[in-house]
Amino acid sequence: MRKALAAAEAMCAQRGERLTEIRRAAYAELLEAGQPLSAYELLQRLQSRLDKPLAPPTVYRPLEFLVQQGLAHRLESTHAFMACDHPADHHHQVLYLVCTDCGGAEEVRAPAVDGLIAQTASSHGFVLKRQVTEVQGRCGDCNEQTDKSGGDQGGGR
Ligand SMILES: [Zn+2]
Ligand SMILES: [Zn+2]
């Protein structure tokens, strides 16, 4: 995580932006959470981290900054924010897998999906400006747990 923070700092400096204390703290919390957080959840975590009450705008502005810089993503389907661990990479061919059981989300590369969307749009004379592809379902971890508990029940003879 220290590495990710240092990399974020370097990236911001390179762009002439500053990773201020609150921006840094917000990014650190998202990294630490390891799963998407709502703005409200982040606010609560920041309050206990910085040990002082914060007004909601205090969290929205740094979040906006993080999203602009690509350090975090805002999931359209759940309005939650997740840290990006590869902010310097291109994000054209990305698919977000959002788990509705645990609230976790994963970014995966999906070039074929983007190609298909771009092709379909252009065949309708539509010019694509912005695209976020998200799918909802159950993640591998949650599936495993369901399988296990299902197996336990079955094993009870
Ligand atoms: Zn990302
Ligand atoms: Zn899950």
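Everything discussed here concerns the structure shown above.
The structure contained in this document is the topic of the report that follows. What you are looking at is a predicted structure, and each value in this text was computed from that prediction instead of being measured.

### Let's talk about the pattern of salt bridges
If the charged atoms of two oppositely charged side chains come close together, the side chains can form a pair.
Stage number 1. According to the stated counting rule, one finds 6 salt bridges in the structure shown.
Stage number 2. Connected through salt bridges with shared partners, the residues Glu 29, Glu 32, Arg 45 and Arg 49 form a single ionic network.

### Things to note about unusual backbone geometry
Stage number 1. One non-glycine residue, Asp 51, lies in the positive phi region at around 55°.
Stage number 2. With respect to the helices, strands and loops of the structure, Asp 51 is situated in the loop between helix H3 (39–50) and helix H4 (56–68).
Stage number 3. Notably, His 79 is not glycine yet its phi reads approximately 60°, a positive angle.
Stage number 4. Positionally, His 79 belongs in the loop between strand E1 (72–74) and strand E2 (81–83).

### Looking at the coordination of the zinc ion (ligand 2)
Stage number 1. The zinc ion (ligand 2) binds to the protein through Cys 99 (SG), Cys 102 (SG), Cys 139 (SG) and Cys 142 (SG), with metal-donor distances spanning 2.3 Å.
Stage number 2. Taken together, the 4 donor atoms surrounding the zinc ion (ligand 2) define angles of 105 to 115° at the centre, an arrangement classified as tetrahedral.
Stage number 3. Every donor residue of the zinc ion (ligand 2) comes from the same chain, spaced as C-x2-C-x36-C-x2-C. Note that Cys 99 is positioned in strand E3 (residues 94–99) and Cys 139 in the loop between strand E5 (133–137) and helix H6 (140–155), a separation of 40 residues in sequence.
Stage number 4. Residue Cys 99 is classed as buried on the basis of its relative accessible area of 3%.

### Notes on the sheet that holds E3
Stage number 1. Pairing is mixed across the open sheet formed by 3 strands, whose spatial order is E4-E3-E5. Either end of the sheet is taken by a strand with one partner, and the two such strands are strand E4 (105–109) and E5. On average, each strand axis in the sheet is inclined to that of its neighbour by 25°, with strand direction left out of account.
Stage number 2. One ladder, built from 5 bridges, connects E3 with E4; its direction is antiparallel. The residue of E4 that forms the bridge with Val 98 is Ala 105.

Calculation rules
Along each chain, residue indices are assigned from 1 in the same order as the chain's sequence is written. Chain letters start at A and ligand numbers start at 1, both assigned in the order the entries are written. It should be noted that, the model being predicted, local features are given only for residues of pLDDT at least 70 and side-chain atom pairs only at 80 or more, the latter also being counted only at that level, while totals for whole chains, interfaces and linings use all residues. Working from all heavy atoms in the structure, the side-chain values ignore hydrogens and water. One speaks of a salt bridge when a side-chain nitrogen belonging to Lys or Arg is within 4 Å of a carboxyl oxygen belonging to Asp or Glu. Only DSSP runs of H or I covering at least 4 residues are called helices, and only runs of E covering at least 2 are called strands; the numbering of each starts at the N terminus. Donor selection uses N, O and S atoms within 2.8 Å of the metal (3.2 Å for Na, K and Ca). Since no water is included, sites may look incomplete. Four donors are marked tetrahedral only if all angles between them lie between 85 and 135 degrees, whereas four are marked square planar and six octahedral if opposite donors are more than 155 degrees apart and the other angles lie between 65 and 115; the remainder are marked irregular. Burial classification: accessible surface area is computed with a 1.4 Å probe over protein chains only, and a residue below 20% of its type maximum counts as buried, one above 50% as exposed, and the rest as partly exposed. A pair of strands is labelled paired if DSSP reports no fewer than 2 bridges between them. In this analysis, axes come from line fits to C-alpha atoms, helices being fitted only over the stretch in contact, and the angle between any two N-to-C directions falls in the range 0 to 180 degrees.

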